[in-house]
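# Understanding the architecture of this molecule
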Amino acid sequence: MDSGVVVDFAHLGVTYANGVVALSDLSLTIAADQAVCVVGPSGCGKTTLLRVLAGLERATQGGVQLSRPATLAMVFQQGLLFPWLSVAENISYGLMTRGATPPQCRAAAREWSERMGLQRFIDAYPHQLSGGMQQRVGLARALAVNPDVLLLDEPFAALDAQTRVLMQELLVDLRRQGLCRSLLLVTHAIDEALLVGDRVVVLSARPGRIIADVTPQVAHSQSFDEIRAQPAFMQAFTTIWQLIRHEVEAQLREEVIL
Ligand code: ADP
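Residues numbered from 1 in each chain as written. Predicted model: local features only at pLDDT ≥ 70, side-chain atom pairs only at ≥ 80, totals over all residues. Heavy atoms only, no water.

### Quick word on the site of the ligand
- Residues in contact with the ligand amount to 13 residues; listed here are only the nearest, G43, K46, T47, T48 and R206.
- At 3.0 Å from an oxygen atom of the ligand is found a main-chain nitrogen or oxygen belonging to C44.
- One of the side-chain nitrogen or oxygen atoms of R206 is found 2.8 Å away from an oxygen atom of the ligand.
- Protein chains shield 64% of the accessible area of the ligand, which is 560 Å² for the free molecule.
- At 3 residues, the largest contribution of residues to the shell around the ligand is made by helix 1 (residues 46-53).
- Within the shell around the ligand, the residues separate by chemical class into 5 nonpolar, 6 polar and 2 charged. (Near = heavy atom within 4 Å. Polar contact = N/O pair within 3.5 Å; in protein donor to acceptor, adjacent residues only side chain to side chain. Areas by Shrake-Rupley, 256 points an atom, 1.4 Å probe, with all protein chains shown as cover. Helix = DSSP H or I, 4+ residues; strand = E, 2+ residues; numbered from the N terminus. Nonpolar A, V, L, I, M, F, W, Y, C, P; charged D, E, K, R; others polar.)

The following block contains the structure:
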């Protein structure tokens, strides 16, 4: 494996027990410090890809390899916080399970709650938080273990439009600060993929195969508004949308014929 590669999916295929072929012959590498976003039509196998990397689903063909023992952490669409734990305890949960001492856990919870603007809520419980705040806690919990690869499954899809943009900006800002290294983000939102990703991988309709691997030529140092106004952003958005639209239309035609 190339020394700069952290994750290597090789000829990955996943067929579920009910016969659904979710992924077929998919090869994809993620380099160190690279943010890869995966987009594609609904049901094309995006979540399955993430779950194979997380060890939650088994490959039925090919597989995935890590270049070295790597720490992975996952952020789900719904925060999936522990309702009986406080914000501080949720944030430090991953550290605690890895053997960190109570003072280390408290220090990490303080540090991450400050980074995430959650200082005032450190003793609150998940049900006392808005959806956006819950996702901040989920992100803090994942990043507190300093993962080599952060996996995000539609992390902002359940949030309102304004909160979603703020969370996307937060994620990009954390990467700029070097607090979030390699990242694999699955989303159906093309703009999110282009704003967050160094690379955007486009999957076909099920079974998901890679039909494009786009490196957006946008300056990530700029604000989101400036990035959105760039011709390169609009061009990449249109190209990816046309590809996905073609896949969805082909799938619909097939369903009508069947
Ligand atoms: P996406 O994230 O792109 O929407 P998924 O990876 O969730 O797609 O699912 C891909 C396909 O596999 C879908 O058709 C879905 O219904 C099916 N699928 C997902 N999980 C299972 C499962 N545990 N058993 C059977 N089929 C599944």
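### Quick word on the sheet that holds strand 2 (residues 21-31)
- Judged by pairing direction, the sheet is antiparallel, and its 3 strands sit side by side in the order 2-1-4 without closing on themselves. The open sheet has two free edges, formed respectively by strand 2 and strand 4 (61-66), since each of these has just one partner strand. On average, each strand axis in the sheet is inclined to that of its neighbour by 10°, with strand direction left out of account.
- Of the pairings in the sheet, the one linking strand 1 (residues 5-15) to strand 2 comprises 7 bridges and is antiparallel in character. Bridged to V14 within strand 2 is L23.
- Across the sheet, helix 1 lies against strand 1, strand 2 and strand 4, angled at about 120° from strand 1, the strand it touches most. (Pairing = 2+ DSSP bridges. Axes fitted to C-alpha atoms, helices over the stretch in contact; angles between N-to-C directions. Contact = heavy atoms within 4.5 Å.)

### A short note on the domain arrangement of the chain
- As assigned here, the chain comprises domain 1 (30-59 + 147-246) and domain 2 (79-146).
- Here domain 1 and domain 2 have C-alpha centroids that lie 24 Å from each other.
- Contact with domain 1, which involves 14 residues of that partner, is made by 12 residues of domain 2.
- With both sides pooled, the region where domain 1 packs onto domain 2 buries about 1100 Å², and carbon together with sulfur makes up 74% of that total.
- Among the residues of domain 1 in contact with domain 2, P147, M167 and L179 are the three that bury the most area, contributing 40% of the side total.
- Our enumeration of links across domain 1 and domain 2 arrives at 0 salt bridges.
- Taken together, the links from domain 1 to domain 2 amount to 2 residue pairs in polar contact (both at pLDDT 80 or more).
- Contributions of two or more residues to the side of domain 1 that touches domain 2 are made by strand 6 (149-153) and helix 6 (161-176).
- For the side of domain 1 that touches domain 2, the leading source of residues is helix 6, giving 5 residues.
- The residue inventory of the side of domain 1 that touches domain 2, partitioned by class, reads 11 nonpolar, 1 polar and 2 charged. (Domains from an automatic or database assignment. Buried area = accessible area lost by both parts, 1.4 Å probe. Salt bridge = Lys/Arg side-chain N within 4 Å of Asp/Glu carboxyl O.)

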